[in-house]
Amino acid sequence: MRGKTPQRWTGLLAGLLGSAVLFVGSLASAQTERGVVLDFSGRGSGPARNAVVRAATDKLDLARSRDVEAAARNLGADLSQPAGIAAVAQDQGLTLIVTGEVTGRGGRARTHIHVFDDQGNEVAYREADRPVGRARRRRIQQAAAEALDQALGAVAERRREEELARQREEEAARQAALAAQAEQGEEEEEEEASGPPGGLPLIAAFIGIDGRTRDAQADFPGGGGRRYDLGLYPELSIRLESFPLGSSSSAAKGLYAQLDLAFALALSSQEVDAGGMVNDIDTSAWRLLFQLGYLYPLSDDAFRIGALVGFGLDSFTIGDNSVMSSTKYTYLRIGAAADARLYENLVRTRLDIGYRIVFGVGDIGTGMDDPNALGDDASGGAFDLGVSLGGRIDMGLSYAVRFGFTRYSFDFSGLAGAGIPPDSSFTDKSLNLSVQLGYTFGGGSSDSEESEESDGPDESDDLGDDWAM
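Summary of the structure given here. Since the model is a prediction, treat every value here as computed from it, not as a measurement.

## Here we look at the pairing of strand 9 (residues 268-272)
- Only one face of strand 9 is covered, namely the one carrying S269 and E271; the face carrying S268, Q270 and V272 has none of its residues buried.
- Here five bridges tie strand 9 to strand 10 (residues 278-298), and the two strands are oriented antiparallel to one another. Residue pairing across strands places S269 opposite I281, the latter belonging to strand 10.

Okay, here's the thing in structure tokens:
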């Protein structure tokens, strides 16, 4: 057993060596360009072609000429023409096709070698001696080798150029795609800047506590008069605001509606009679204002400016007393508003001014039906002025702080109550301070994720704050 071991290892090593040789040979073959040497023409063409074949054997993986010629016949291709050469080369997977001819006779005979690539282009040419004698055939073989080297170099250079061209095209396409993507992103940013999909807020609802004062005074022509003075009293206030078309990209998005409603809380009045007794008098107050108008957003909603028209009712009811009658003003309000963004979504300020065309004044103008009536014919009107701060914090939560001043002024004539001289004048002034909290729906992002994606203030900040009532 031990004496046979070296022979076993020798056989194993020989097998491995043979496999390695076959692998290297197949790898070299896979890396060699494929070509063919077609039959030459002319006297002595056979020896000339043989010399070329010997040179090509070291340069190419040679196909049989008769197989290539058969393929040409099947394709109907003419191997004497560039188009036919290209068709057969691409069909058979050939890189080079070599043709040739021997011209002349005797000592003037010459061998011509032509090498074509797979595009039908002649990429190399050599002229050599006549194919007679070993030395001359060796020179033909050497000329063929030079032609093949030149042809293979031309093919490699063409492939490099094609690869570079392909890379340039891919890079140009990539750059064009990046430019298109960037342009699309810029267009989307411009669309968002000019008016985001959310637009102006769809609706904002607020509830809060107001503090209001009232100072009403009647002045008689001959001197004297009557006065009702009420310090700061609380009210429960509700406010709704809406841009119903705020998501529109047209100018219609500035259409605006607003409703205000307020009720006095725990309100009472006191009267001191002739005997010095203090009497409590039942008192109630409420007010309502509904307005429609247009607030046009400017500079990415940094500013809003517009006008409002609305109907309102301002009621102040006092029980039986000897000083002042109840009032109930019904009016048409015509106003203007200007709004500005001070700090992102958090702070906006608004200025309002309006004139009130008053249609009715309540009991104070009912003449002899009320002992404190100033006259059954009243002429005059009212104006209001207001300033507000408001904004939206995260998740749509909104706030408003509003301050306003209102003044009614009338001249009375006609029948008045007993003891009231005719042609008296009357003013009714009030100050109002309101603090409200609410929620805004629509008009851009209201959650933290969308806010983080924004690069700047949302053009659709929450609604401006209208104080007027």
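## Quick word on unusual backbone geometry
- Positive phi outside glycine occurs at S299, with the angle close to 50 degrees.
- Within the secondary structure, S299 sits in the loop between strand 10 and strand 11 (303-318).
- Unusually for a residue other than glycine, E344 sits at a positive phi of about 45 degrees.
- Judged by relative accessible area, which is 41%, E344 ranks as partly exposed.

## Details of the packing of aromatic side chains
- Here the structure, examined in full by the defined rule, presents eleven aromatic pairs.
- Ring plane angle 15 degrees and centroid distance 6.4 Å describe the contact between Y408 and F410, whose orientation is recorded as stacked. As far as burial versus exposure is concerned, Y408 and F410 are alike and both buried.
- Ring centres of Y439 and F441 lie 4.8 Å apart, and the angle between their planes is 55 degrees; on these two criteria the pair is classed as tilted.
- With a relative accessible area of 44%, F441 lands in the partly exposed category.
- By way of ring pairs, the aromatic residues Y329, Y408, F410, F412 and F426 are connected into one cluster.
- Stacked on the ring of F206, the Lys or Arg R239 has its end atom at 4.2 Å from the ring centre.

## Comments concerning the side chain of D117
- Tracing the backbone through its elements, the reader meets D117 in strand 4 (residues 110-117).
- At 2.9 Å, the side chain of D117 forms a polar contact with the backbone nitrogen of N121.
- A polar atom in the side chain of D117 sits 3.0 Å from the side chain of R158.
- Excluding residues within four positions of it along the chain, D117 makes contact with I85, T95, L96, V123, V155 and R158.

## Considering the nonpolar core
- Core analysis: the biggest nonpolar cluster contains 26 residues, and F316, L374, F410 and F426 have the highest contact counts within it.
- Counting only elements with at least two residues in this core, the list comes to strand 6 (203-219), strand 7 (225-242), strand 10, strand 11, strand 12 (327-343) and strand 15 (397-413).
- Residues in contact with L374, not counting those within four places in the same chain, are A218, F220, I364, F412, A416, I420, S424 and F426.
- Within the second largest apolar cluster, 24 residues are counted, among which are L60, L96, V115 and A151.

## Structural notes on helix 4 (residues 82-92)
- For helix 4, the complete set of buried residues consists of G84, I85, A86, V88 and A89.
- In the stretch just after helix 4, G93 is the one whose phi turns positive, near 70 degrees.

## A word on the pattern of salt bridges
- Scanning the entire structure with this criterion turns up 29 salt bridges.
- Note that D384 is salt-bridged to R356, the shortest N-O span being 2.8 Å. You can see D384 sitting in strand 14 (residues 377-392) and its partner R356 sitting in strand 13 (residues 347-360), a full 28 residues away along the chain.
- For D384, a relative accessible area of 0% gives the class buried.
- By sharing partners, the salt bridges in this structure join R110, E127, D129 and R139 into a single network.

## So, the sheet that holds strand 2 (residues 61-62)
- Pairing in this open sheet of five strands is mixed, and the strands run 2-1-3-4-5 from one edge to the other. Unpaired on one side and paired on the other, strand 2 and strand 5 (122-128) mark the two borders of the sheet.
- Here three bridges tie strand 1 (residues 34-37) to strand 3 (residues 96-103), and the two strands are oriented parallel to one another. The residue bridging G35 from the neighbouring strand is L96, located in strand 3.
- Sheet contacts for helix 2 (residues 45-57): strand 1, strand 2, strand 3 and strand 4; angle to strand 1, the most-contacted strand, approximately 165 degrees.

## Structural notes on the environment of G367
- Examined against the element boundaries, G367 turns out to sit in the loop between strand 13 and strand 14.
- Taking the C-alpha atoms as reference, G367 lies 5.6 Å from G417; in sequence the two are 50 residues apart.
- G367 has contacts with A373, G375, D376, L415, A416 and G417, leaving out every residue within four places of it along the chain.

## Regarding the pairing of strand 4
- In terms of burial, strand 4 is largely enclosed, as seven of its eight residues are buried.
- Inspection of the sheet shows strand 3 paired to strand 4 by eight bridges, in the antiparallel sense. Residue pairing across strands places E101 opposite H112, the latter belonging to strand 4.
- The hairpin formed by strand 3 and strand 4 contains six residues between the paired strands, and G104 there has a positive phi angle of roughly 80 degrees.
- Summarising the sheet, strand 4 and strand 5 pair through six bridges and their orientation is antiparallel. Residue pairing in the sheet places H112 in a bridge with E127 of strand 5.
- Counting the residues between successive antiparallel strands, the hairpin from strand 4 to strand 5 contains four residues, one of them, G120, with a positive phi of roughly 85 degrees.

## Overview of the packing of helix 3 (residues 65-75) against helix 4
- Close contact between helix 3 and helix 4 brings their axes to 10 Å; oriented N to C, the two are set at 115 degrees. Looking at the two axes, helix 3 sits roughly perpendicular to helix 4. At the point where helix 3 passes helix 4, the crossing takes the right-handed sense. On helix 4, the residues touching V68, A71, A72 and L75 of helix 3 are A87, V88, D91 and Q92.
- Of the residues in the contact of helix 3 with helix 4, the class split is six nonpolar, one polar and one charged.

Calculation criteria
- Residues numbered from 1 in each chain as written.
- Predicted model: local features only at pLDDT ≥ 70, side-chain atom pairs only at ≥ 80, totals over all residues.
- Heavy atoms only, no water.
- Buried < 20%, exposed > 50% of the residue type's maximum accessible area, 1.4 Å probe, protein only.
- Helix = DSSP H or I, 4+ residues; strand = E, 2+ residues; numbered from the N terminus.
- Pairing = 2+ DSSP bridges.
- Phe/Tyr/Trp six-rings, centres within 6.5 Å; stacked < 30°, edge-to-face > 60°.
- Lys NZ or Arg CZ within 6 Å of the ring centre and 35° of its normal.
- Polar contact = N/O pair within 3.5 Å; in protein donor to acceptor, adjacent residues only side chain to side chain.
- Contact = heavy atoms within 4.5 Å.
- Core = buried A, V, L, I, M, F, W, Y, C linked by side-chain atoms within 4.5 Å.
- Salt bridge = Lys/Arg side-chain N within 4 Å of Asp/Glu carboxyl O.
- Axes fitted to C-alpha atoms, helices over the stretch in contact; angles between N-to-C directions.
- Parallel < 35°, antiparallel > 145°, perpendicular 65-115°, else oblique.
- Left-handed = near helix turned anticlockwise from the far one by under 90°.
- Nonpolar A, V, L, I, M, F, W, Y, C, P; charged D, E, K, R; others polar.

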